[in-house]
Amino acid sequence: MAAQTPHQGDRSTVPAAAAVSRRRVLAATGIAGVAGLAAAGGAVARDAFAQDAAPAADAVAFRGAHQAGIVTAAQDRLHFAAFDVVTRDRDHLVALLRQWTAAAARMTAGQAAGGSGAVGGPAQAPPEDTGEALDLPPAQLTLTVGFGASLFRDAAGRDRFGIAAHLPPALAPLPHFPGDQLRPELSGGDLCVQACANDPQVAVHAIRNLARIGFGTVSLRWSQLGFGRTSATTRAQSTPRNLMGFKDGTANLRAEDGALLEEQLWVQPGDGPQWLAGGTYLVSRKIKMLVETWDRTSLAEQEAIFGRTKGSGAPLTGRDEFDRPDFAATGADGRPVIAPEAHVRLAHPDQHGGARMLRRGYHFVDGSDGLGRMDAGLFFLAFQRDPRRQFVPVQRALARSDVLNEYIRHVGSAVFACPPGVRDAGDHWGRTLFG
Ligand SMILES: C=CC1=C(C)c2cc3[nH]c(cc4nc(cc5[nH]c(cc1n2)c(C)c5CCC(=O)O)C(CCC(=O)O)=C4C)c(C)c3C=C
Ligand SMILES: [Fe+2]
């Protein structure tokens, strides 16, 4: 595979030899050929991979200074998984991270998870790929890994894998916030993988194959499917709407923010342990929305809650979506136009020493509760340089005063340290931490 280290702006370019789509493999082998591959022991499939080295059109480069899936233009679908490590053997864990890296590089390029694919291996063995993405393109799949604090020390404080000395202070557990209704089975985790793609089947396929490869070393702790991005992460993307009908992500950090990303998003050398420089922290919160209550709330009340208009997304003190909110403005009654307890006032960087986050969440609808209510909400994901200075103070202010709290419940929570990007073909997830 070509050794190439694309940097931030190069995400759209994929090392040519890495980018052989599953569709191209099928075309090269032919459908009839595929049927015969199991008996043929996979040689045809491997030859097809070797011969066809044209780039897949909609692949996001896996390697780079930073991991993909953070400032990457937010895709439309999510499958997020948190894993517990079930081995005590450091070598097994590192071997898995190497295997995962290889599989992730392949799948993000549109290839099968393993070299012989879904149908190219021996008939007597389980296939190296589960097959449900066999004829699908890469769909801009990104796979982003993170490490939880529990990977470093167990509940009794024991050093699990000889990495406790490298635990970043900023990976501290989040404090309890007023109103939290967190469920342990939707929270925490030793490792996480965020799979984003523009095809849900591609995202699910990726997580499923990583879980399959990890059998015996990791076990799935909790997972979340998401749809409909709730943020824009590049200037080219329009602002989407959340399940409450409001534009969400207007004031988000974006890929083009240059120096601001260094200041607010990427861990800098000297911030903490060196292994995380170029990485970032991810906070996930599963937030249920009481949509039936929201839907019986007047438009004026809804707009007062956010401090923005529902139609254009403009602040209540402005006309256009990207107008700066004027928190000093008062109405004819002398009261602030944007209420003291409005969501955008409480979350605004002006209230938190300039702290910002890169929000990258998704909607979820997990069916209904049997009592006529939708089990729906926001799977909030936010990347940042230090949760102690960013997520925690903002959430503390929101938990204390946000009028939105009447309509939402935080039920899941986790924090992960996401290492820097995989640099080249010899690099792997966790190398900077485990050596
Ligand atoms: C602790 C961080 C935040 C949580 C949790 C959170 C939950 C949450 N937010 C919305 C909808 C909107 N949020 C908006 C802005 C906004 N929200 C946060 C932080 C959290 N939100 C920030 C930092 C900001 C930006 C503030 C600013 O700089 O102006 C908006 C307005 C549009 C926008 O800028 O994105 C909406 C709408 C929901 C529905 C929700 C929980 C379910
Ligand atoms: Fe918000």
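Residues numbered from 1 in each chain as written. Chains lettered and ligands numbered in written order. Predicted model: local features only at pLDDT ≥ 70, side-chain atom pairs only at ≥ 80, totals over all residues.

Considering the overall build of the chain
Inference 1: Scanning the chain from terminus to terminus reveals 11 helices and nine strands.
Inference 2: Going through the 435 residues of the chain one by one, you find that 48% of them count as buried.
Inference 3: Once local pairs closer than 6 in sequence are excluded, the contacts in the chain between residues at least 24 apart make up 73%. (Helix = DSSP H or I, 4+ residues; strand = E, 2+ residues; numbered from the N terminus. Buried ≥ 20, exposed ≤ 12 C-beta atoms within 10 Å, placed from the backbone. Contact = placed C-beta atoms within 7 Å.)

A few points about the site of ligand 1
Inference 1: Among the 27 residues in the neighbourhood of ligand 1, the closest are listed as Phe246, Thr250, Ala251, Ala347 and Gln395.
Inference 2: Listed by contribution, the elements that provide at least two residues to the shell around ligand 1 are strand S5 (280-289), helix H9 (343-347), strand S8 (374-384) and helix H10 (391-401).
Inference 3: Considered class by class, the residues forming the shell around ligand 1 number 16 nonpolar, seven polar and four charged. (Near = placed C-beta within 6 Å. Nonpolar A, V, L, I, M, F, W, Y, C, P; charged D, E, K, R; others polar.)

Side note on H10
Inference 1: All of the buried residues along H10 are Phe391, Val392, Val394, Gln395 and Leu398. Around the axis of H10, the buried residues are gathered within 160° of arc, so they sit on the same side.
Inference 2: In this fold, the buried residues of H10 make contact with S5, H9 and S8. (Arc of directions from axis to C-beta.)

Overview of the UniProt feature "domain: Dyp-type peroxidase C-terminal" (unreviewed entry) in the chain
Inference 1: Within this structure's numbering, the places UniProt gives as "domain: Dyp-type peroxidase C-terminal" (unreviewed entry) are residues 239-422.
Inference 2: When the span residues 239-422 is considered, its composition is 18% helix and 22% strand, and the gap between its end C-alpha atoms is 30 Å. (UniProt positions renumbered as here; feature names shortened; annotations may be inferred.)

Considerations on the nonpolar core
Inference 1: Core analysis: the largest hydrophobic core is formed by 99 residues, its most contacted members being Leu141, Ala195, Ala203 and Ala206.
Inference 2: Among the elements that take part in this core, helix H4 (residues 90-108) stands out by supplying eight residues, more than any other.
Inference 3: Excluding its chain neighbours within four sequence positions, the residues that come into contact with Leu141 are Met107, Thr108, Ala195, Ala197, Val202, Ala203 and Ala206. (Core = buried A, V, L, I, M, F, W, Y, C linked by C-beta atoms within 7 Å.)

Remarks on unusual backbone geometry
Inference 1: Despite not being glycine, Ala139 shows a phi value in the positive range, around 55°.
Inference 2: By the secondary structure assignment, Ala139 is in the loop between H4 and strand S2 (142-147).
Inference 3: Although it is not a glycine, Gln140 adopts a positive phi angle of roughly 60°.
Inference 4: By the secondary structure assignment, Gln140 is in the loop between H4 and S2.

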